[in-house]
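Here is what each chain is made of, one letter per residue.
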Amino acid sequence: MQRVAVIRFPGSNCDEDTLRAATRVGADAYYVWHRETDLKGADVVLIPGGFSYGDYLRAGAIARFSPAMTAVARHAAEGGAVLGICNGFQILCEAQLLPGALLRNSRLTFVSRPVLVTVENTGTVFTSGYRRGEQLRLPVAHGDGRYVADAETIARLEGEGLVVLRYVRAEDANPNGSMNDIAGITNPEGNIVAIMPHPERAADPALGSEDGARFFTSMAAWNPRAPVTHTADTR
Amino acid sequence: MPDTIEAATAAQSFPGERPVTPEVVREHNLNELEYERITSMLGRVPTLTELGVFSALWSEHCSYKHSKPVLKRFPTEGPQVVQGPGENAGVLRLPDGWAVAFKVESHNHPSAVEPYQGAATGVGGILRDVFTMGARPVAVLNSLRFGPLEIPRNRYLFRGVVRGVGDYGNCVGIPTLGGEVGFAEGYTGNPLVNAMCVGLLREDDLIRAKAEGVGNVLLVVGARTGRDGIHGASFASEELSEKSEARRPQVQVGDPFTEKLLLEASLELITSGMIVAIQDMGAAGLTSSSAEMAARGGVGVEIDTSLVPTREEGMTPYEILLSESQERMLVVAEPARVGAIKAICEKWELTATSIGHITDDGIFRVKHDGVTVAAIPGRRLVEDCPIYEPEARESDEVRARREASLPASAAPLDAREALERLLDAPNIASKRWVFEQYDSTVQAATVLGPGGDAGVIMVPGAEFGLAVTLDCNARLLALDPFEGGKAAVAEAARNIACTGARPLGITDCLNFGNPEKPEVFFQFREACRGIAEACVAFETPVTGGNVSFYNESPTGAVYPTPTIGMVGLLEQVDQRVPSHFVEPGDRIFVAGTTRGALGGSAYWAELYDFVGGAPAQVDLAAERALQDFLVAAARERLLRSAHDCSEGGLAVALAEAAIGGPYAERPLGAAVNLDGHADAVAEAGLLFGEDGARAVISCRPVQAERLVRLAERCGVPLHPAGAVRPAEAGLSIARGGDTITWDPATLRRIHDDAIPRRMRADAEQT
């Protein structure tokens, strides 16, 4: 059974939802408080959405200095899996575990609605259960979701296929003005993934969409001691 | 313990305090009668600190001095009631040991001068009211009213309020499930910002704000006390004027991050069983929270204000007692538990500070640096405010408007164009611009989000669901407060029932003008009478709420706006019924009777700028029958969609059902024939009349027969109106050989863009 640590900052507010989604796929999921340094033998770390420390300065800017994040960096360096959702994405960028940054939405207002995204990389711990090119309908809810990076980084992400999710190019589809419609990225090893949409809010049939469920089933199917297998890739 | 009342209530002025003069008394909004009562109660002239305490607790906001006798007439009992009015929030029983705590409250005046913080702290306050009951907030709703968007300041207020509501609720992580936004002339200068919070708890975990146990300790938990919000309760109890701008520093500043910590700490304190009582330090801050908790427990309290952690140096006891700094709680606990309580608070990065204790002499006593600066008989402080039942007289102007009809000279309107213009009216248009700024899916339990009749959430681990709504059609009340009051409850109940849920109970936010004016008090009294009648008929008791008077600016009073917050129970959450058509081929029915009531209608108001005529008389029996029918039909899973027919009438209800939810992939069409439904009613009344007790519903063709039989059993007239069609077939309404056809995609565009188009008049502000 997968050991899954959900990092809890004082301002995390998707912690319970994320823990529930992990538990639903049979994982042994538990919280790790931001002041703790012991991830208690986690195979996977989930960094949930919220406002870590209030985020009055810059989303995730203070969270990166927390004791728990030091442990998360070590866990990732040793090949452990990490998924950052929303605020978790912001924190992973601030902690430089992933490149780029998330700035204020281009329309300057918070945006909460479902978006259409395409799965572009199925070689990660969290997306192996999807088909490449598959379209998902997932909710977003953020004020700072505009992904930006320097031209070189963007070129590298695109060139190496490190974009995991991309907002579908249609009228009004990119909710925040992200460069290249990027909604989620991974590191080349595929063990660190960060996305703005909330798969944990679309993982229960009662909520009208299960499009997000496979982020968690992929995670549950992952063998920490073997390379990621593309369980559903039809290439 | 002193043996005479004189000795028990001895107090002296705090050094440097102004003496209490008639002018100072007036500044504190206390009239002669009230001041006389204070001096006779104390047997002496009050200190300035005491005067401040009285001013806060005897403000309308805290004392309900103009509303109590009227509110007493609300039905408050029922088998589902766990906690009625008088607590921080009402509580109703749900299945499997669960209960729901809910309340609505206004933050109108602060929002009028400082929209962002005013609205944000309004949300903060209502969340605290709910989590102090031991309930975890699971939904917020809000009801907002502004002047027309053509006026730049109204756009500024609208933008600021929406951002303030959003930023606070989003950060704390409570989904916004719905509400309403309305625009009318009367709200220019005095917007209304009503926020409702709904929380879930195990009934066993319920805790009441009742101080008990002589010697028990009072602790302040949460933020430090600053000079913000001093006299907020009094500010809320006067009319707005040019001078109100100077009140801006009295508007509190919110910190949702601390709120989130306070929420978690409070719930942990409550479920740990460590505390005796807990109360939010809301309006009138430390004063009202301590005095009210003590009065409920029939005990006295002694507070040392010099122990209260402050943000600024040199704060006086007067300032500390009356500060409305946000994100603070007052906790009562046994002395032996203090250490453990502090440890829980510390884990949540909050401080808990002992500032006083419970006494047996019934006195509300305040000390500062060893000096007793206030000593007031506690129960009399809370309960002895003079109660007024002012004169009530309907204004001639309102009567004349109700008796008027649309001027005969008004040019007839083409129904095709009329519907398009109604969908473009901000009152009816999609509120997507608003609710997209609110997180509506956090907590991963949103089954039906904003943009439908009512919000529905599931409860993880339970089978049932909860439906919530917040409604009021104030235009009807402006013309007829009694019928309008009934209609507000009826609309809320229809919205709940359309989702398939059974209405359980209400909370109300009664926004009116200055009650000392007979025509305003008449509106208040009649509206409440209407609300009470409807609540009796629907068996939905009133569990609490809020009265907001003095909603007047130099241009006059707001429309009487008693917003009704209602919760309903869905026995099985997957029985939930959406508002919008689902599938081409489904049969459409109009439930209820159309008589063509155009009095107070959106049709006349929006298209002819005429607010007049007599609103439809509310048929409470027909409303109840419709509710019972909708709930039974949902339980038997006969409904594909159900949408309440209200503002804009049948045509708007059909159009909205076809347009689809805010994120529907495509609109749908419908072929509707109204021959045989209200044949005697003229076209405008048929399409746009606002008779109550109606809904537009759809079902699978194979279930149509069962649905018709069920409606017969429930005594609900059902008109087979046609079928859902693909969008390309258009939305058509036929009657007597004439057919009007609209393009659903065009209607959707109009409906979606009405508010954004008006807001684009400003360059985007940051």
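As the structure is a prediction and not an experimental result, all values here were calculated from the model.

Engineer: So what's going on with the overall build of chain B? Which residues, and what values?
Structural biologist: When helices and strands are counted, chain B shows 27 helices and 28 strands. Relative to the 2.2 N^0.38 estimate, which gives 27 Å for 766 residues, the radius of gyration of chain B is 26 Å and therefore close to what a compact globule would have. The dimensions of chain B, computed from C-alpha atoms along their principal axes, are 90 × 55 × 50 Å. Put simply, chain B has 766 residues, and 64% of those count as buried.

Engineer: I'd love a proper account of the overall build of chain A, names of residues and values included.
Structural biologist: Summing up its helical and strand segments, chain A has 5 helices and 11 strands in all. For 235 residues, the compact-globule formula gives about 18 Å, and the C-alpha radius of gyration of chain A, at 16 Å, lands near that figure. Projected onto the principal axes, the alpha-carbon positions of chain A cover approximately 45 × 45 × 40 Å. Scored against the burial criterion, the 235 residues of chain A give a buried share of 57%. By sequence separation, contacts in chain A at least 24 residues apart represent 76% of the contacts at least 6 residues apart.

Engineer: Please set out the interface of chain B and chain A residue by residue, giving values where relevant.
Structural biologist: On the chain A side, the residues contacting the 27 residues of chain B number 23 residues. Mapped onto the side of chain B that touches chain A, the elements with two or more residues apiece are helix 9 (152–172), helix 11 (256–272) and strand 14 (446–448) of chain B. Per-element tally for the side of chain B that touches chain A: the top contributor is helix 9 of chain B, with 4 residues. For the side of chain B that touches chain A, a count of residues per class yields 12 nonpolar, 9 polar and 6 charged.

Engineer: An account of the nonpolar core is needed here, citing residue identities and associated values.
Structural biologist: If you look at the biggest cluster of nonpolar residues, it comprises 258 residues, and the most contacted ones within it are B:Val100, B:Val331, B:Val489 and B:Leu654. The element contributing the most residues to this core is helix 21 (residues 518–538) of chain B, with 12 residues. Among residues more than four places away in sequence, those in contact with B:Val489 are B:Ile506, B:Ile531, B:Ala534, B:Cys535, B:Phe538 and B:Ile564. By size, the runner-up hydrophobic cluster in this structure holds 70 residues, among which are A:Leu39, A:Met69, A:Val163 and A:Ala183.

Engineer: Report on the sheet that holds strand 18 (residues 542–548) of chain B, specifying residues and quantitative values.
Structural biologist: All names here are of chain B. Read across the sheet, 6 strands follow the order 14-15-16-21-17-18 without closing on themselves; strand pairing throughout is mixed. Here the strands that pair on one side only, and so sit at the sheet edges, are strand 14 and strand 18. The mean inter-strand angle of the sheet, taken between neighbouring strand axes irrespective of direction, is 25°. Pairing of strand 14 with strand 15 (residues 455–458), which is carried by 2 bridges, proceeds in the antiparallel orientation. Within strand 15, the residue paired with Leu448 across the bridge is Val456. Packing of helix 21 onto the sheet brings it into contact with strand 17 (502–511), strand 18 and strand 21 (561–570), and relative to strand 17 it is tilted by some 175°.

Engineer: Give me the sheet that holds strand 1 (residues 81–83) of chain B: which residues, what numbers.
Structural biologist: Residue and element names in this part refer to chain B. The strand order across the open sheet built from 6 strands is 1-2-3-6-4-5, with neighbouring strands paired in mixed fashion. Edge positions in the sheet fall to strand 1 and strand 5 (176–183), since each of these pairs with one other strand and no more. Averaged over all neighbouring strand pairs, the angle between strand axes comes to 20°, with direction disregarded. Running at roughly 25° to strand 6 (residues 192–202), helix 8 (residues 115–131) makes contact with strand 3 (98–106), strand 4 (136–146) and strand 6 of the sheet. Lying over the sheet, helix 9 contacts strand 4, strand 5 and strand 6, oriented at roughly 180° with respect to strand 4.

Engineer: Describe helix 1 (residues 15–24) of chain A, listing the residues and the values that go with them.
Structural biologist: All names here are of chain A. Taken across its 10 residues, helix 1 has 8 buried, putting it largely inside the fold. Turning to helix 1, its buried residues number three or more, namely Asp15, Glu16, Asp17, Thr18, Leu19, Arg20, Ala21 and Ala22. Residue Gly26 follows helix 1 closely and has a positive phi angle near 90°.

Engineer: Provide a residue-level description of the environment of B:Pro481, including the pertinent values.
Structural biologist: Residues and elements named next belong to chain B. On the secondary structure map, Pro481 appears in helix 20 (residues 481–498). Once the C-alpha coordinates of Pro481 and Phe522 are considered, the two residues, 41 residues apart in sequence, prove to be 8.4 Å apart. Those residues in contact with Pro481 that sit more than four places away from it in its chain are Gln523, Glu526, Ala527, Gly530 and Pro560.

Engineer: Which residues make up the packing of helix 8 of chain B against helix 9 of chain B, and what are the values?
Structural biologist: All names here are of chain B. Their axes nearest at 7 Å, the elements helix 8 and helix 9 cross at an angle of 35°. The handedness of the crossing between helix 8 and helix 9 is right-handed. For the pair helix 8 and helix 9, the contacting residues are Pro115, Tyr116, Gln117, Gly118, Ala119, Ala120, Val123, Gly124 and Leu127 in the first and Leu157, Gly160, Val161, Arg163, Gly164, Val165, Asp167, Tyr168, Gly169 and Val172 in the second. The class makeup of the residues in the contact of helix 8 with helix 9 is 11 nonpolar, 6 polar and 2 charged.

Engineer: Break down the pairing of strand 3 of chain B for me, citing the residues and quoting the values.
Structural biologist: Regular strands have side chains that alternate between both faces of the sheet. Residue and element names in this part refer to chain B. Judged by how many residues are buried, strand 3 sits mostly within the fold: 8 of 9 residues are covered. Sheet topology note: the strand 2 (residues 90–93)/strand 3 ladder contains 4 bridges and is antiparallel. Residue Leu92 lies in a different strand from strand 3, and its bridge partner there is Val100.

Engineer: Talk me through the environment of A:Pro139; I want residue IDs and the actual numbers.
Structural biologist: Secondary-structure assignment places A:Pro139 in strand 7 (residues 135–142). With near-sequence residues (within four places) excluded, A:Pro139 lies in contact with A:Arg113, A:Pro114, A:Pro197, A:His198, A:Arg201, A:Ala202 and B:Thr441.

Engineer: Report on the pairing of strand 2 (residues 28–33) of chain A, specifying residues and quantitative values.
Structural biologist: Residues and elements named next belong to chain A. Both strand 1 (residues 3–8) and strand 2 contribute to a ladder of 6 bridges, which runs parallel. Residue Ile7 lies in a different strand from strand 2, and its bridge partner there is Val32. Where the polypeptide runs from strand 1 across helix 1 and back to strand 2, its parallel neighbour, the crossover connection is right-handed.

Engineer: Hey, could you go over unusual backbone geometry for me, with residue numbers and the actual values?
Structural biologist: Residues and elements named next belong to chain B. Here Asp369, not a glycine, exhibits a phi torsion of approximately 50°, which is positive. Within the fold, Asp369 resides in the loop between strand 12 (363–368) and strand 13 (371–377). For Asp369, a count of 11 C-beta atoms within 10 Å translates into the label exposed.

Engineer: Could you give me a rundown of the packing of helix 24 (residues 649–659) of chain B against helix 27 (residues 744–759) of chain B, with the residues and numbers involved?
Structural biologist: All names here are of chain B. The geometry of helix 24 relative to helix 27 is characterised by a closest axis approach of 9 Å and an angle of 100° between their N-to-C directions. The pairing of helix 24 with helix 27 is recorded here as roughly perpendicular in orientation. On helix 27, the residues touching Ala655, Ala658 and Ile659 of helix 24 are Pro744, Leu747, Arg748 and His751. Among the residues making up the contact of helix 24 with helix 27, the classes are represented as 5 nonpolar, 1 polar and 1 charged.

Engineer: Kindly report on helix 27 of chain B, identifying the contributing residues and their values.
Structural biologist: All names here are of chain B. If you check helix 27, its first and last C-alpha atoms are 24 Å apart, about what 16 residues at 1.5 Å a residue would give, namely 22 Å. Largest kink in helix 27: about 45°, centred on Asp753, with the proline Pro756 one to four residues after it. Those residues of helix 27 that sit buried are Pro744, Leu747, Arg748, Ile750, His751, Ala754, Ile755 and Arg758.

Engineer: Talk me through the environment of B:Ala634; I want residue IDs and the actual numbers.
Structural biologist: Residue and element names in this part refer to chain B. One can find Ala634 in helix 23 (residues 620–635). Ala634 sits in the buried class, given 23 other C-beta atoms within 10 Å. In contact with Ala634, other than residues within four places in its own chain, are Gly500, Gln575, Val577 and Leu639.

Engineer: I'd love a proper account of the confidence of the model for chain B, names of residues and values included.
Structural biologist: Put simply, chain B has an average pLDDT of 93, and 97% of its residues get 70 or more. If you check the scores for this complex, the pTM reads 0.94 and the ipTM reads 0.93.

The rules behind each value
Residues numbered from 1 in each chain as written. Chains lettered and ligands numbered in written order. Predicted model: local features only at pLDDT ≥ 70, side-chain atom pairs only at ≥ 80, totals over all residues. Helix = DSSP H or I, 4+ residues; strand = E, 2+ residues; numbered from the N terminus. Rg over C-alpha atoms; globule rule 2.2 N^0.38 Å. Buried ≥ 20, exposed ≤ 12 C-beta atoms within 10 Å, placed from the backbone. Contact = placed C-beta atoms within 7 Å. Nonpolar A, V, L, I, M, F, W, Y, C, P; charged D, E, K, R; others polar. Core = buried A, V, L, I, M, F, W, Y, C linked by C-beta atoms within 7 Å. Pairing = 2+ DSSP bridges. Axes fitted to C-alpha atoms, helices over the stretch in contact; angles between N-to-C directions. Left-handed = near helix turned anticlockwise from the far one by under 90°. Right-handed = clockwise from strand over helix to strand, strands pointing away. Parallel < 35°, antiparallel > 145°, perpendicular 65-115°, else oblique. Expected span 1.5 Å × (residues − 1). Bend = angle between axes of the 7 residues up to and from the residue. pLDDT = per-residue confidence, 0-100.

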